[in-house]
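# Structural overview for review
The lines below spell out each chain.
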Amino acid sequence: MSTIRTITAAFSPNEAVSRNTMYIIVAVQVAFAVLIWWDSPFVILPTPTEVAGALHTLWFREGLGRELWTSFSMNLQALGLTVAISLGLSYLTVLPAFRPIAAAVTKGRFLGLIGLTFVFTLIVGGGHPLKLSLLVFGMTVFFTTSMASVVADIPKERFDHARTLRMSEWEVVWEVVILGTANEAIEILRQNAAIGWMMLTMVEGISRSEGGIGALLLHQSKHFRLAEVFAIQFVVLCVGVGQDYFIGALSRTACPYAHLTLERK
């Protein structure tokens, strides 16, 4: 009966299930995905065995680990600059003078980076500064859009409650705007951190002097080495999932109050 109830709960809307049950669900779905991949009707796709062999060759013979660290460190640097710029602009929207600037930055999400490459080259030069600036721009416009919306949507009751405690307006900004939205800022960081990995292939393809996993991926794709391409994508996926889990754990540790009243927790 317990097994039947567990299966019923897994297919019931808005039902909370235990962590072990979720692990089983994930394991079953991953197993089905691997079986489908193994018996794929598309002959051109590499098998899991071929991908594993390509991963071994890339890691031990072609420096995949070194290239991964190059990309990872640049991505972290870009993420740090993005957080500083985006949070600064978003929090400054409490001042009317800065709202047009933040609004203008958010509109940058409609611009294609290929068309801006020449502009950034003239401003910062080539190589690492160019790649870093493109990554920061690509993430900042989306981060600022989300965070500025969070700040704008803070209920008036929170401000009034802080003022009843005789806080000055700057104290209100610190308590309500900055501390009060910390959990949402971390969640937006989590959602936007993946953009850097999606942009890696493009920015590292522009300047390949430093290498990086994006440059390696472009090289393998150019020579139609699909097993190697899949292996590199698998590595990026694992690193991205690990990064996502770390940021989620940071949110649960720094802002545990934000997870107390969720429906499926």
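Structure's up top.
Presented here is a report on the structure given in the accompanying data block. (Residues numbered from 1 in each chain as written. Predicted model: local features only at pLDDT ≥ 70, side-chain atom pairs only at ≥ 80, totals over all residues. Heavy atoms only, no water.)

## Overview of the overall build of the protein chain
Just so we agree on the cut-off: Helix numbering and strand numbering both begin at the N terminus, where a helix is a DSSP run of H or I of at least 4 residues and a strand a DSSP run of E of at least 2. Residue contacts are defined here by distance: any two heavy atoms, one from each residue, within 4.5 Å place the two residues in contact. Method for areas: the Shrake-Rupley scheme with a 1.4 Å probe, in which residue coverage is limited to the protein chains shown. For the purpose of charge, His is not counted, nor are the chain termini; Lys and Arg are scored as positive and Asp and Glu as negative. Where a charge lies is defined by one atom per residue type, namely NZ (Lys), CZ (Arg), CG (Asp) and CD (Glu).
When you go through the protein chain residue by residue, the secondary structure sums to 12 helices and 0 strands. When the helices and strands of the protein chain are listed from N to C terminus, the series reads α-α-α-α-α-α-α-α-α-α-α-α. With the C-alpha coordinates aligned to their principal axes, the bounding extent of the protein chain is approximately 70 × 70 × 30 Å. Residue pairs at least 24 apart in sequence account for 71% of intrachain contacts in the protein chain once pairs closer than 6 positions are excluded. Carbon and sulfur atoms make up 67% of the accessible area of the protein chain, which amounts to about 16200 Å² in all. Averaged over its 19 positive side-chain charges, the protein chain has a centre that lies 1 Å from the centre of its 18 negative ones.

## Structural notes on the pattern of salt bridges
In plain terms, the rule: Note on definitions: salt bridges are taken to be side-chain nitrogens of Lys or Arg within 4 Å of carboxyl oxygens of Asp or Glu. The rule is simple: take the accessible area with a 1.4 Å probe, protein chains only, and divide by the maximum for that residue type; under 20% is buried, over 50% is exposed, in between is partly exposed.
Considering all chains together, one arrives at 7 salt bridges under this definition. Residue Glu 67 is joined to Arg 66 by a salt bridge in which the shortest nitrogen-to-oxygen separation is 3.8 Å. By relative accessible area, Glu 67 is classed as buried at 13%. Of the residues examined, Arg 66 reaches a relative accessible area of 54% and is grouped as exposed. Between Lys 156 and Asp 160 there is a salt bridge, with the nearest N and O atoms lying 2.8 Å from each other. Of the two residues, Lys 156 and Asp 160 both sit in helix H8 (residues 156-164), 4 residues apart, roughly one turn of that helix.

## A short note on the layout of surface pockets
Here is the rule we go by: Using only the protein atoms, space was sampled on a 1 Å grid; points where a 1.4 Å probe fits but cannot get out form cavities, open sets with protein on both sides within 12 Å along at least five of seven lines form pockets, and lining residues are those with an atom within 4 Å of a point. Grid points are joined across faces, edges and corners, and a volume is the space filled by probe spheres set on the points. Residues are grouped as follows: nonpolar covers Ala, Val, Leu, Ile, Met, Phe, Trp, Tyr, Cys and Pro; charged covers Asp, Glu, Lys and Arg; every other residue, Gly included, is treated as polar.
In this structure, the second largest pocket occupies an estimated 260 Å³ of space. Looking at the second largest pocket, it is lined by 13 residues, and the ones nearest its centre are Thr 93, Val 94, Leu 95, Arg 99 and Phe 159. Breaking the lining of the second largest pocket down by element, the ones donating at least two residues are helix H7 (127-152), H8 and helix H9 (169-179). In terms of residues, the lining of the second largest pocket owes the most to one element, H9, which gives 4 residues. Across the lining of the second largest pocket, the residue classes break down as 9 nonpolar, 1 polar and 3 charged.

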